[in-house]
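Okay, here's what each chain looks like letter by letter:
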Amino acid sequence: MAELTIDELKEFLLRTLGEDETVDLSGAILDTGLAELGFDSLAVIATTSSLEQHFKIKVPEEAYSDIRTPRDFLTVFNQQLAAPA
């Protein structure tokens, strides 16, 4: 079974921002708000889309509003990955 890890999530988040070197995802960021980390709603949607393509799953749109922190990303995606196909 596939699982999204915090390290993988960090890679996807950083790819979404491209060359922006002002974003620091080191340290304990699991419960830090994505906005505080420098990610607006469009960046969250772009990251979600990239993760969906990578894992070949579809996250229900209503779950998007639940994604406010990196921990939320992990929870939402890992629930989808664990769900029966």
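Everything below is about the structure shown above.
Only a predicted model underlies this, so the values are computations on that prediction, with no experimental measurement involved.

### Comments concerning the nonpolar core
Counting residues in hydrophobic clusters, the biggest one holds 23 residues, and the most contacted among them are F39, L51 and F73. Put simply, the parts of the chain that give this core at least two residues each are α1 (6–17), α2 (34–37), α3 (41–55) and α5 (70–82). Tallying contributions element by element places α5 first for this core, with 5 residues. What F73 contacts, discounting residues up to four positions off in sequence, is L4, L9, L13, L34, V44, T47, T48, L51 and I67.

### Side note on the packing of α1 against α5
The N-to-C vectors of α1 and α5 enclose an angle of 110°; their axes lie 10 Å apart at closest approach. Put simply, α1 runs roughly perpendicular to α5. When you trace α1 past α5, the crossing you get is right-handed. Packed against α1, whose contacting residues are I6, L9 and L13, the element α5 presents P70, F73 and L74 at the interface. Its residues placed into classes, the contact of α1 with α5 shows 6 nonpolar, no polar and no charged.

### Observations regarding the packing of aromatic side chains
In the structure shown here, the tally under the stated rule is 1 aromatic pair. The ring of F12 has R15 lying over it, and the distance from NZ or CZ to the ring centre is 4.6 Å.

### Notes on the environment of A63
Checked against the element boundaries, A63 lands in helix α4 (residues 61–64). Residues A63 and F73, 10 residues apart in the sequence, show an inter-C-alpha distance of 9.7 Å.

### What to know about the packing of α3 against α5
The interhelical angle for the contact between α3 and α5, taken along N-to-C directions, is 25°, at an axis separation of 12 Å. With respect to each other, α3 and α5 are oriented roughly parallel. Seen along the crossing, α3 lies across α5 with a hand that is right-handed. Of α5, the residues touching α3 (which contributes V44, T47, T48, L51, E52 and F55) are F73, F77 and L81.

### Some details on unusual backbone geometry
The backbone of K56 sits at a positive phi, close to 55°, despite the residue not being glycine. Looking at where K56 falls in the secondary structure, it is placed in the loop between α3 and α4.

Conventions used here
- Residues numbered from 1 in each chain as written.
- Predicted model: local features only at pLDDT ≥ 70, side-chain atom pairs only at ≥ 80, totals over all residues.
- Heavy atoms only, no water.
- Core = buried A, V, L, I, M, F, W, Y, C linked by side-chain atoms within 4.5 Å.
- Buried < 20%, exposed > 50% of the residue type's maximum accessible area, 1.4 Å probe, protein only.
- Helix = DSSP H or I, 4+ residues; strand = E, 2+ residues; numbered from the N terminus.
- Contact = heavy atoms within 4.5 Å.
- Axes fitted to C-alpha atoms, helices over the stretch in contact; angles between N-to-C directions.
- Parallel < 35°, antiparallel > 145°, perpendicular 65-115°, else oblique.
- Left-handed = near helix turned anticlockwise from the far one by under 90°.
- Nonpolar A, V, L, I, M, F, W, Y, C, P; charged D, E, K, R; others polar.
- Phe/Tyr/Trp six-rings, centres within 6.5 Å; stacked < 30°, edge-to-face > 60°.
- Lys NZ or Arg CZ within 6 Å of the ring centre and 35° of its normal.

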